[in-house]
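Examining the three-dimensional arrangement
In case you want the letters, here they are:
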Amino acid sequence: MTLWVEDGPDSGSLVGMQANHNRSGDAKDNLLEHLPKGECVEFKRKKKWKITRASLTSTAPLPPPPRTYEGDVTDRAPAGGSGGADVRHVTLVRRRSLRWLLACVLVIGVGYALLLAHPQPLFSYELQHAGMVVHATQPIPDEMRATLDRARARLNTSTIADPERVHHVFMCQSRWLFALLARNHYQAGGIANVYIGQNVFLRESDMQHDRLIGASARPTPPDRPLSYFIAHEIMHVEHGRLLGAVGYSRLPKWADDGHADYVARDIDLSRALKGLQSGAPDLDPARSGLYVRYHLMVAYLIEKKHVEPRDLLEHPRERDAIERELAALQAW
Ligand SMILES: [Zn+2]
């Protein structure tokens, strides 16, 4: 809040500084009484009136100063003056500023949503193969066709994935571009925008050798090639298509990433079970960044409990109960 003071003795600056440390309700009034003409003081409502910043060095008259009070202290404005007009003026300015701010936020939000839904203008190169369209900022090598074939082969193992659906995969060959599109997931290998556009964005990759370049700037290991990331992220889009936006928002992470991982690659389930029972770091997604634990849980439900993938996603079981059963399992 800003208060304009019309008159007061020269010693007002000293009073203002003292008032700065005065948390009593009189601080504001003291300053009003003593500050020189034209001074601008800012108050902030925090428990009681507390002066948060005082401009005490300005000597030039401020054009044109409102009469006395304005803003949130109108209930204390003296009757009969022109303070009411000033209050209305300031209120109007504030409302206009707020509208401009909201309009700017809205324009930026809509623009960003359009960018997520249609990022093609940022990607100059395109390759359509195996039911996928790859967009890239650099020329796409022919070896990428084999990578897409491997991803398609994984997707074809799923009873959830729609073989007729064409997926768009955007290869972000620079960190800033991936960060722009992945936001707070900028350190992930890839991201699927299930709610807007249903596009897949992947970070820098070595497309010639079927490798994704991780956040550590090193290629991912052979058991998680680029084709794995493509299939994994596309499965998130398929989950969203199957469940709808509301259903997908309720899908537990273990089921979402577990089933995406289950489709996208094979793991040694016996070793994973032993790792879960012994508390191996690989089995802790928060520490390893891997989904082996979730993968194992989904594999257990599908292969041991004969749960249909669609049922698993539409009616996910309680995580703790599955983990208890896995902990008691003698062997895979
Ligand atoms: Zn995932």
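Scroll up to find the structure this text is about.
Heads up: these notes are all about the structure in this document. This one's a predicted model, so the numbers in the text were calculated from it and none came from an experiment.

Reading across from one edge, 4-5-6-8-7 is the order of the 5 strands in this open sheet, with mixed pairing throughout. Only two strands of the sheet have a single neighbouring strand rather than two, namely strand 4 (125-129) and strand 7 (190-192). When strand polarity is set aside, the average angle formed by the axes of neighbouring strands in this sheet is 20°. Against the sheet, helix 4 (residues 143-155) touches strand 4 and strand 5 (132-136), its axis set at about 135° to strand 5.

Turning our attention to helix 10 (residues 292-304). In this model, helix 10 (13 residues) spans 17 Å end to end at C-alpha, consistent with the 18 Å of a helix rising 1.5 Å per residue. Counting buried residues in helix 10 gives 10 out of 13 residues, a clear majority hidden from the surface. Looking at helix 10, one finds that the buried residues are Val 292, Arg 293, Tyr 294, His 295, Leu 296, Met 297, Val 298, Ala 299, Tyr 300 and Leu 301.

Take the nonpolar core next. Grouped together as the largest cluster of nonpolar side chains are 55 residues, with contacts concentrated most on Val 200 and Ala 231. Discounting chain neighbours no more than four positions away, the residues touching Val 200 are His 167, His 168, Val 169, Phe 170, Gly 190, Ala 192, Ile 230, Glu 233, Ile 234 and Val 237.

To continue, consider helix 7 (residues 253-264). With 12 residues, helix 7 should reach 16 Å at 1.5 Å per residue; the first-to-last C-alpha distance of 16 Å fits that figure. In terms of residue burial, helix 7 counts as a mostly covered element, since 11 of its 12 residues are buried. Of the positions making up helix 7, those classed as buried are Trp 254, Ala 255, Asp 256, Asp 257, Gly 258, His 259, Ala 260, Asp 261, Tyr 262, Val 263 and Ala 264. Check the buried side of helix 7 and you find it contacts helix 4, helix 6 (226-250), helix 10, helix 11 (309-314) and helix 12 (319-328).

Here is what the cut-offs are and how they apply
For every chain, the first residue of its written sequence is number 1, and the numbers climb from 1 along that sequence. A pLDDT threshold of at least 70 governs which residues receive local features in this predicted model, and a stricter bar of 80 or more applies before side-chain atom pairs are shown or counted, although totals over entire chains, interfaces and linings include all residues. In this description, strands pair whenever DSSP reports at least two bridges between them. Secondary structure elements are taken from DSSP: a helix is a run of H or I of four residues or more, a strand is a run of E of two residues or more, and numbering for both begins at the N terminus. Note on definitions: angles span 0 to 180 degrees between N-to-C directions of axes, and those axes are lines fitted to C-alpha atoms, for helices only across the stretch in contact. What counts as a contact is two residues whose backbone-derived C-beta atoms lie within 7 Å of each other. What a helix should span is 1.5 Å times the count of its residues minus one. With C-beta atoms placed from the backbone, a residue is labelled by how many other C-beta atoms lie within 10 Å of its own: buried for 20 or more, exposed for 12 or fewer, partly exposed between the two. Linking buried Ala, Val, Leu, Ile, Met, Phe, Trp, Tyr and Cys residues through C-beta atoms within 7 Å yields a set, and such a set is a nonpolar core.

Read these as spatial facts, not as claims about activity.
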